[in-house]
Amino acid sequence: ILQVPVYGIFHPSSGVLEVYRLGVDGYKKQAANANNQYWIEELGLYLGVWWGEKVEMTANWLRWWNSSGHLLLWGKELVEQERQRSLQMATELEQERHKRELLAEKLRELGIDPNQLT
């Protein structure tokens, strides 16, 4: 007989998630935490319901959170996060380049060749 240690029932239309854990007396419904998430000890993760968009559809979705409560991102979200980080870095690099140009201009006004500095 298959004895699954933990199973869940998810109703996407209502966003209701129920999680059951196998004990000596059979399966018992688990209580959610204050964030309406369930700790899955075997995985070291929380399972919960997230309302948002995936595959161009806004709905209730099952999502995982780590033990610190941070949402684990889907691939598309990771790509977007990295894109945003790259844009931020490019902006910061451009600002630094602009500062260097201003400093070089000021040095030239003072009669100092910035290319001769070591």
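Below is a short write-up of the structure.

Rules behind the numbers
Residues numbered from 1 in each chain as written. Predicted model: local features only at pLDDT ≥ 70, side-chain atom pairs only at ≥ 80, totals over all residues. Heavy atoms only, no water. Helix = DSSP H or I, 4+ residues; strand = E, 2+ residues; numbered from the N terminus. Buried < 20%, exposed > 50% of the residue type's maximum accessible area, 1.4 Å probe, protein only. Contact = heavy atoms within 4.5 Å. Lys, Arg positive; Asp, Glu negative; His and termini not counted. Charge placed at Lys NZ, Arg CZ, Asp CG, Glu CD. Salt bridge = Lys/Arg side-chain N within 4 Å of Asp/Glu carboxyl O. Core = buried A, V, L, I, M, F, W, Y, C linked by side-chain atoms within 4.5 Å. Pairing = 2+ DSSP bridges. Axes fitted to C-alpha atoms, helices over the stretch in contact; angles between N-to-C directions.

Overview of the overall build of the protein
Step number 1: Helix and strand content of the protein: 1 helix and 6 strands.
Step number 2: Overall, the protein shows an N-to-C arrangement of helices and strands of β-β-β-β-β-β-α.
Step number 3: With the C-alpha coordinates of the protein rotated into their principal frame, the extents come out at 85 × 30 × 25 Å.
Step number 4: Looking at the 118 residues of the protein, the share that counts as buried comes to 19%.
Step number 5: Once local pairs closer than 6 in sequence are excluded, the contacts in the protein between residues at least 24 apart make up 17%.
Step number 6: Each charge sign in the protein was given a centre, from 13 positive and 16 negative side chains, and these centres are 2 Å apart.

Focus: the pattern of salt bridges
Step number 1: Using the criterion set out here, one finds 10 salt bridges in the structure.
Step number 2: Where D25 meets K28, a salt bridge forms, and the shortest distance between an N and an O atom there is 3.8 Å.
Step number 3: Exposure remark for K28: the relative accessible area of 46% places this residue in the partly exposed category.
Step number 4: Between R83 and E80 there is a salt bridge, and its shortest N-O distance comes to 2.9 Å. Of this pair, R83 and E80 both sit in helix 1 (residues 75-109), 3 residues apart, which is roughly one turn of that helix.
Step number 5: Through salt bridges with shared partners, one network takes in E94, R97 and E101.

Here's the deal with the nonpolar core
Step number 1: Formed by V6, L17, V19, Y38, I40 and L47, the largest nonpolar core amounts to 6 residues.
Step number 2: Elements supplying a minimum of two residues to this core: strand 2 (16-23) and strand 4 (37-40).
Step number 3: If near-sequence neighbours (up to four positions away) are discounted, L17 is found in contact with I9, F10, Y38, L47, G48, V49 and L62.
Step number 4: If you look at the next biggest cluster of nonpolar residues, it comprises 5 residues, including W50, A59, W61 and W65.

Thoughts on unusual backbone geometry
Step number 1: Positive phi, close to 45°, is recorded for V55, a residue that is not glycine.
Step number 2: Its location among the elements puts V55 in the loop between strand 5 (45-54) and strand 6 (57-65).
Step number 3: One non-glycine residue, E56, lies in positive phi territory at about 60°.
Step number 4: Here E56 lies in the loop between strand 5 and strand 6.

Digging into the sheet that holds strand 5
Step number 1: Pairing is antiparallel in the open sheet, where 3 strands are placed in the order 4-5-6. Edge positions in the sheet fall to strand 4 and strand 6, since each has one partner strand and no second. On average, each strand axis in the sheet is inclined to that of its neighbour by 35°, with strand direction left out of account.
Step number 2: As paired strands, strand 4 and strand 5 are joined by 4 bridges and run antiparallel to one another. Bridged to Y38 within strand 5 is L47.

From the geometry alone we can't say anything about function, so treat these as descriptive.
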